[in-house]
Amino acid sequence: MSGLKIKVISRNPEDYLRATKKDIHKIQRNYDPTLHPLEAPREYVRALNAVKLERVFAKPFLGSLDGHSDGVSSLAKHPQRLAVLASGAFDGEIRLWDLASRKCTRNFVAHEGWVRSICFTPDGETFSSVGDDKTIKTWKSEVHDVEDEEPINTLLSMSVVSGISHHRNKPIFATCGENCQLWENTRNEPVKVFKWGVDSLHHVAFNQVETNLLASCASDRSIILYDCRETGPLRKVVLELRSNALAWNPMEAFMFTVANEDYNLYTFDVRKLKQPVNIHLDHTSAVVDLDYAPTGREFVAGSYDKTVRIFETLKGHSRDVYHTKRMQRLTCVKWSLDNKYILSGSDEMNIRMWKARASEKLGVLKPRERTALNYADALKEKFASHPQIKRIARHRHVPKHILNAQKELRTIREKAKRKDANRRVHSKPGAVPHVPERQKHVVKEDE
Amino acid sequence: MKVKSEEIKKLRYFEKTKEKNSKLIKNTDEVEEYHVKLKPHSKWTKKKLEIKDSKPQKVIVKKKNSGKSPISLKNLEKHSRGDGISGKGVKHPLYAAKLQKKELKYRFAQNQAARADILLTENAGYLEVDEDHRTTCITQKEIVKNVDITAATKTFNLNLDFGPYRAKYSKNGRHLLLGSKKGHLAAFDWVTKKLHCEINVMESIHDVSWLHVETMIAAAQKEWLYIYDNTGMELHCMKKMDKILRMEFLPYHFLLAAVNEYGFMSWLDISIGEIAGHYNNHLGRTSVMTHNPYNATICLGNSQGVVSMWSPTVKKPLAKILCHKTPLSAIAVDQKGTYMATTGVDKSLKIWDIRNMDGPLQHYRLRSSAVDLDFSQKDMLAVGLGEVVEIYSDTCTKTADKPYLRHKMAKSICNFKFCPYEDVLGIGNSGGFTSILVPGSGEPNFDAYESNPYQNKAQRKEAEVKALLEKIPADLIALDPFEVVKVDVPTLQDKLEAKTELPHVRRKKIDVKAKRKNKGLTNIARKKIIKDKARKDQIMESIKTRATSNETKDGQKPSKSFGVLDRFVSKPKPNK
């Protein structure tokens, strides 16, 4: 027959097989959806596997830094070097650590009594510590000869000093105690003293973005804001219970979070102190310390209930909880500046290193590995609200005392709610208004 | 003016993106050409150009080979996952923006997939003749003469003596499994013609099937279901599955679906050896069965002419269609799960749209009733008529008047299957097995991560592990496979129940049960109708009586009036 044209599929196997055994396999792709049927259920199963694997690989504990002979009272991260950490203990000892090798590089007794707080200068060459002996001592970060081991500067304060924080770029630092004092490195007397009320302050923090702003927590349940250019304090907000620590959001200069004695953390907007932007629940005992991640999206909080919890700034409940059998009451937590690690100091003399994301693989990832992980993340996000996947992703094992405390807290909260509702039902309409949770905790705001 | 303001309101959060979309569409559909004559650089010309920029009609910028090449609409359509979300009704602008961003990502993925089509190496087969000729009359001999040697080896004939054979290809199209009525079971690599195993099971074999890899075979024998490996070793005897007539393997679920003589359907999870579903379908004995690759449901045709779709966890059919008024003889579902072809003993062939349960789209008359039907990957339909196989192309969307190819054999056909990723149709018949070439029937480009005809042992093992990890649970089999990614909207009852669990919220008493409407009327309306009717009847009656009374008056007029004494005149008897 004329004009007959026939073509049938006839593949040359050489095009599809590798040439030698050392070669990689040839993989032909065809993205036609008909060749990939049942896309949705397969993706769902993959998401389920991904979320299960995430829980399987969630091993956040990296190691502990062992060396202090008393509980760790304070930690300070080096502003420029990731591997350097300074820690102070209840017996007045300060230790410097090399985190890469997890070894102590230097230790000395700095104060009589507690080391209340430590902070590095912005260039990282020196650090200052305050102790119960009313002294502010400045030390060199690196020791080259014997002389360097002595403090390069010792300041004597008239009153007890309980916290210290350094200005972002100027040679100014603030301490707190009976009142908030501003010091300049060269002077023996404070440059400025801020007073508001009679009670003592126990924590002070400079804002690292809006550099003239600083805030402190007072024992009279208040948080006080100062401007270091002004003569007096700016504002004060009083909560129901005392705040233990305060951290500024490093990305949003106007936000800060406080760790409160009433088991919660409160995120405030400086411009609107009347009510917190968010309340972060989940701890079952007083929250002692917190620190923001350098991204400003998350923060870590350590609590008296022997757990470390990680919160997202915009969410009310914790993303993750870390605990070990041996870890006791937390005294201080820090989030490393590469956003990968969390450091926690606790009562029982150890400093612990954790991964910031529990199931993250450390070290360099191969490209295929990375794409696989990215794909898994995308799937997890896509199917996040499926009940099965949500359940697995949320599940955390917590010690029994936490579980019981959570139960108790839940019943207490429900009881309060029930009582409120009952009162509302049995009184004149409008007599018992519904007060949002966020408005319940602020007692007053002063200017 | 009002309308305009409303439009603006609606567009509020999408204005930017809409512009982007329009740009995208422009990119894909046509390349805009701008013609400009650029003069040597001077401040003046630059200024002038800038001024011109403000008037978009006159702007002319020369673009030559710049930007990405346009994507054909057909390709885009192929990779489309639907229209996406318009963004209307999203309450918060933040979420609206997020959704919009996600939508852009989906569109990007679609574009990339469409662009990747250029990398496909093989072209589909074809068969072309002069305008005055038809492809129907082209015989296998002629085809073999005109193709290359390797393709020519794909037509062959196996003369085997053990009665009618059933044949099935493995998922990657590389291996062939034959099972005969008289117990001959053979597995081989049909491309290289290398035999894996050949045994006589000493029982009748009703159906055979490959499992997920080519090292495992399932054979439905006279009594029970047996599983063999590729050396012919018996691995399992499933006594739970007895007297099986037909089997289908669902590769993504690892389920072996079977129907037996008594109408019991069973799904065997071959990865753990457990039965995922086992129940009676109450259809009686039927051996017309196929599976829908789009949603992994099992389609059964019965003697009443009804096609029903089944999933392992639901003991009732998911859907039923009355296709023929006579018993069904064969069913086939195409790769995309859009069309279903059915034939009955009434010698008719019908095409149905099974996504919408609609049809018949096409209705053909055949010369005799069809033995078997099968769709190829490129949507060609093979119809077995006694000793002849006819292959139609484009039967579903258009009405085909002539078969694309016709192959006559001197043996009666038992079953046939198109070989995946090859232009081959394998026919199991009474005298053995015949393989013929059907140009253009197979998908030329395989995806090696789904099924790879050239995979070696290591790759097979890895693929097996991967597939096992992604095993879809049996309870996800439903008519719509995308149900799992759809938004779950709670019913009113669910919402109310959730509310009762909240402390101290008083639930409104709402009867969730749908009321049976009494012929569309309320009680009052019905009462009114009854009342009206009664009134009407009364009126009618009164009119009637009046008329009769008038009649009586008309008929029997008193001849005389006696004044007051009229009362003594005798009354006439009322008419009955």
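Residues numbered from 1 in each chain as written. Chains lettered and ligands numbered in written order. Predicted model: local features only at pLDDT ≥ 70, side-chain atom pairs only at ≥ 80, totals over all residues. Heavy atoms only, no water.

**Looking at empty space enclosed by the protein**
All names here are of chain A.
Then step 1. Using the criterion set out here, one finds two cavities of 30 Å³ or more in the structure.
Then step 2. Taken together, K77, H78, R81, L82, V84, L85, L99, S336, L337 and L343 make up the lining of the largest cavity.
Then step 3. Among the residues making up the lining of the largest cavity, the classes are represented as six nonpolar, two polar and two charged.
Then step 4. When its volume is computed, the second largest cavity comes out at roughly 30 Å³.
Then step 5. Taken together, E178, N179, F194, K195, W196, D199, L201, I224 and Y226 make up the lining of the second largest cavity. (1 Å grid on protein atoms, 1.4 Å probe; cavity = no way out; pocket = protein on both sides within 12 Å on 5 of 7 lines; lining within 4 Å. Points joined across faces, edges and corners; volume = space filled by probe spheres on them. Nonpolar A, V, L, I, M, F, W, Y, C, P; charged D, E, K, R; others polar.)

**Some words on the sheet that holds strand β12 (residues 255-260) of chain B**
All names here are of chain B.
Then step 1. Pairing is antiparallel across the open sheet formed by four strands, whose spatial order is β11-β12-β13-β14. One side of each edge strand has no neighbouring strand; the edge strands of this open sheet are β11 (244-250) and β14 (274-280). Neighbouring strand axes in the sheet, compared pairwise and without regard to direction, differ in orientation by 15 degrees on average. (Pairing = 2+ DSSP bridges. Helix = DSSP H or I, 4+ residues; strand = E, 2+ residues; numbered from the N terminus. Axes fitted to C-alpha atoms, helices over the stretch in contact; angles between N-to-C directions.)

**Observations concerning the sheet that holds strand β22 (residues 358-365) of chain B**
Residue and element names in this part refer to chain B.
Then step 1. Pairing is antiparallel in the open sheet, where four strands are placed in the order β19-β20-β21-β22. Strand pairing shows two members of the sheet lacking a second neighbour, β19 (328-333) and β22, which therefore form its edges. Between one strand and the next, the sheet's axes are offset by a mean angle of 20 degrees, whatever the strand orientation.
Then step 2. Inspection of the sheet shows strand β21 (residues 348-353) paired to β22 by five bridges, in the antiparallel sense. Within β22, the position partnered with K350 by the bridge is H363.

**A look at unusual backbone geometry**
All names here are of chain B.
Then step 1. With phi around 60 degrees, A296 is a residue other than glycine that occupies positive phi space.
Then step 2. As for its placement among the helices and strands, A296 is situated in the loop between β15 (288-291) and β16 (298-301).
Then step 3. Assessed through its relative accessible area of 4%, A296 is described here as buried.
Then step 4. Even without glycine at this site, Y421 takes up a positive phi of about 65 degrees.
Then step 5. Residue placement: Y421 occurs in the loop between β27 (413-418) and β28 (424-429). (Buried < 20%, exposed > 50% of the residue type's maximum accessible area, 1.4 Å probe, protein only.)

**A short note on a negative patch on the surface**
Then step 1. A cluster of acidic residues, D145(A), E147(A), E149(A) and E150(A), forms a negative patch on the protein surface.
Then step 2. Take E150(A): it is sitting in the loop between β9 (135-140) and β10 (153-156). (Patch = residues over 30% accessible without salt bridge, like charges linked within 9 Å, V, L, I, M, F, W, Y side chains within 5 Å. Areas by Shrake-Rupley, 256 points an atom, 1.4 Å probe, with all protein chains shown as cover. Salt bridge = Lys/Arg side-chain N within 4 Å of Asp/Glu carboxyl O. Lys, Arg positive; Asp, Glu negative; His and termini not counted. Charge placed at Lys NZ, Arg CZ, Asp CG, Glu CD.)

**Here we look at the packing of helix α1 (residues 39-56) of chain A against helix α2 (residues 367-382) of chain A**
All names here are of chain A.
Then step 1. At a minimum axis separation of 9 Å, α1 and α2 run at an interaxial angle of 105 degrees. As the angle between them shows, α1 and α2 are arranged roughly perpendicular. Within the contact between the two elements, α1 uses E43, R46, A47, A50, V51 and E54 and α2 uses Y375, A376, L379, K380 and K382.
Then step 2. In the contact of α1 with α2, the residues fall into six nonpolar, no polar and five charged. (Parallel < 35°, antiparallel > 145°, perpendicular 65-115°, else oblique. Contact = heavy atoms within 4.5 Å.)

**Comments concerning the UniProt feature "domain: BING4 C-terminal" (unreviewed entry) in chain B**
Then step 1. Taking the numbering used here, the UniProt-annotated feature "domain: BING4 C-terminal" (unreviewed entry) corresponds to residues 403-481 of chain B.
Then step 2. From the first C-alpha to the last, residues 403-481 of chain B spans 33 Å; its make-up is 16% helix and 28% strand. (UniProt positions renumbered as here; feature names shortened; annotations may be inferred.)

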